[in-house]
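# Notes for the structure review
Here is what each chain is made of, one letter per residue.
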Amino acid sequence: MDREDQRFQIKGRAAGSNHAGRFERHRREAVSDGWSTEEDLPVLRTQTQIETPRSMISYNRSPDLPFDRSINPYRGCEHGCVYCFARPSHAYLGLSPGLDFETRLVARPDAPDVLRRELSARSYRVAPIAIGTNTDPYQPIEKEHGIMRACLEVLEEVGHPVAIVTKGSLIERDIDILGRMAKRGLLRVGISVTTLDKRLSRLMEPRAPAPARRIEMIRRLAQAGIPVRVMASPMIPALTDPELEAILGAGRAAGARTASWIMLRLPLEVSPLVQDWLAQHYPDRADRIMARLREMHGGKEYDATWHRRMRGEGPYAEMVAQRFDVAAKRLGLAKNAPPMRCDLFRPPVLPGAQMSLF
């Protein structure tokens, strides 16, 4: 029986539903028969499946992204951020972008070997690899699987530049590797701080570290000589965007060198999930938040047009952008970090392959 046919106690999860993805022909919905109470239901637990990937490096040609390639050690993310724009990717697996995205995860333990093989290809041309731009590489299951650390070991070995985005405090485990890569000009780290309000964070990012813990992550990474960006993302109109300056200030005080921001994005299945969440937790301002978002996207809940999807358009979007610029300048936070080095890359030598004489 699929979990969409069953009812569970939903504790510590952000999504309130588990509707089928957009590619499914049928939709199933669990209905109470009146015999059991909420306390009698099983608790919805996280499940992890193993996948053997054929390739690890995904390429994109998006002109509004600062990278053209990325890797994802995991599919789905137990942090369970209700606003996560990566949720629709779970539909490609025949799973729900709702609760399945945060409870039915996929780990890829062969990722380091596959990555090594791709980096050894004669046709490969080095450029920074982004990790964490889809799902978080330092989500809780990394503690068990260690896939991210193993991938970093490969990238350090071959001198490959990497940019990491995360909310996960497990990144501190890898400060030894990250510190060495940073000294060689091979690393940048971005820490996402959506709000400084612990209660709000717990509601919309139920299994991510608390905001104060993320600020401490910035501090510890910076103290190790690792260049850190504080990412005020996503900004939610009338909910978190009043905190923009405070987030940047806290990040700067902890040692962040650069900063960025992105407006809330509601692609595909993310929109109904967020709207349901707003209706449940912030009914007094749900209509105002959605009105602002539509105002910034030409009357739509989301516009995926390049160069507009991250920030939106119009007076409200411009006001937030101006506030960011003023605060970043006042705090001495740069928008752009120095480029990472690509000249140190040396392709890995696979077992059985002939080594270079030079």
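A short tour of the structure in this document, coming up.

Conventions we followed
Residues numbered from 1 in each chain as written. Predicted model: local features only at pLDDT ≥ 70, side-chain atom pairs only at ≥ 80, totals over all residues. Heavy atoms only, no water. Helix = DSSP H or I, 4+ residues; strand = E, 2+ residues; numbered from the N terminus. Polar contact = N/O pair within 3.5 Å; in protein donor to acceptor, adjacent residues only side chain to side chain. Contact = heavy atoms within 4.5 Å. Buried < 20%, exposed > 50% of the residue type's maximum accessible area, 1.4 Å probe, protein only. Pairing = 2+ DSSP bridges. Right-handed = clockwise from strand over helix to strand, strands pointing away. Phe/Tyr/Trp six-rings, centres within 6.5 Å; stacked < 30°, edge-to-face > 60°. Lys NZ or Arg CZ within 6 Å of the ring centre and 35° of its normal. Axes fitted to C-alpha atoms, helices over the stretch in contact; angles between N-to-C directions. Parallel < 35°, antiparallel > 145°, perpendicular 65-115°, else oblique. Left-handed = near helix turned anticlockwise from the far one by under 90°. Nonpolar A, V, L, I, M, F, W, Y, C, P; charged D, E, K, R; others polar.

### A few points about the side chain of T194
Counting through the fold element by element, T194 comes out in the loop between strand 8 (187-192) and helix 6 (198-204). At 3.1 Å, the side chain of T194 and the side chain of Y83 are in polar contact. Among the polar contacts made by the side chain of T194, one reaches the side chain of E205 at a distance of 2.7 Å. Setting aside its immediate chain neighbours within four residues, T194 contacts Y83, K167, M204, E205, R214, S233, P234, M235, T240 and I247.

### Examining the pairing of strand 10 (residues 258-263)
Burial runs high along strand 10: five of the six residues are buried. Here five bridges tie strand 9 (residues 228-235) to strand 10, and the two strands are oriented parallel to one another. Considered in strand 10, the bridge of M235 is made with M263. This β-α-β element, strand 9 to helix 8 (residues 244-254) to strand 10, shows right-handed connectivity.

### Remarks on the side chain of T195
Among the structural elements, T195 can be located in the loop between strand 8 and helix 6. Engagement of the side chain of T195 in a polar contact is seen with the backbone nitrogen of D197, the distance being 3.0 Å. In this structure the side chain of T195 is engaged in a polar contact, spanning 2.5 Å, whose partner is the side chain of E243. Excluding residues within four positions of it along the chain, T195 makes contact with L200, S201, M204, P211, T240, E243 and I247.

### Points about the packing of aromatic side chains
All told, the structure shown has two aromatic pairs when counted by the stated rule. Summarising the aromatic geometry, the rings of W277 and Y282 are spaced 5.7 Å apart at their centres and angled 45 degrees between planes, so their arrangement reads as tilted. Using a relative accessible area of 3% as the deciding quantity, one classes W277 as buried. In this structure Y282 comes out as buried when scored by relative accessible area, which is 9%. Here R265 stacks its cationic end above the ring of F85, 4.5 Å away from the centre of that ring.

### A word on the sheet that holds strand 9
Taken in spatial order, the seven strands line up as 2-3-6-7-8-9-10 in an open sheet, and their pairing is mixed. Here the strands that pair on one side only, and so sit at the sheet edges, are strand 2 (58-59) and strand 10.

### Quick notes on the environment of A224
Topologically, A224 is positioned in the loop between helix 7 (211-223) and strand 9. For A224, a relative accessible area of 28% gives the class partly exposed. On a C-alpha basis, the gap between A224 and G179 in space is 6.1 Å, while along the polypeptide they are 45 residues apart. Here A224 is in contact with I175 and G179, once residues within four sequence places are set aside.

### Side note on the sheet that holds strand 4 (residues 74-75)
Within the open sheet, the three strands sit side by side as 1-5-4. Their pairing is mixed. At either margin of the open sheet sits one strand with a lone partner, and together these are strand 1 (47-50) and strand 4. As paired strands, strand 4 and strand 5 (residues 104-107) are joined by two bridges and run antiparallel to one another. By the bridge assignment for strand 5, R75 is matched with V106.

### As for the packing of helix 2 (residues 111-119) against helix 4 (residues 147-158)
Two elements in contact, helix 2 and helix 4, have axes whose closest approach is 8 Å; the angle formed by their N-to-C orientations is 25 degrees. What the angle tells us is that helix 2 and helix 4 run roughly parallel. Seen from above, helix 2 lies across helix 4 with right-handed handedness. Of the residues in helix 4, those in contact with A111, P112, L115, R116 and L119 of helix 2 are I147, A150, C151, V154, L155, E157 and V158. Along the lines of polarity and charge, the residues of the contact of helix 2 with helix 4 split into ten nonpolar, no polar and two charged.

The analysis is restricted to geometry; functional conclusions fall outside its scope.
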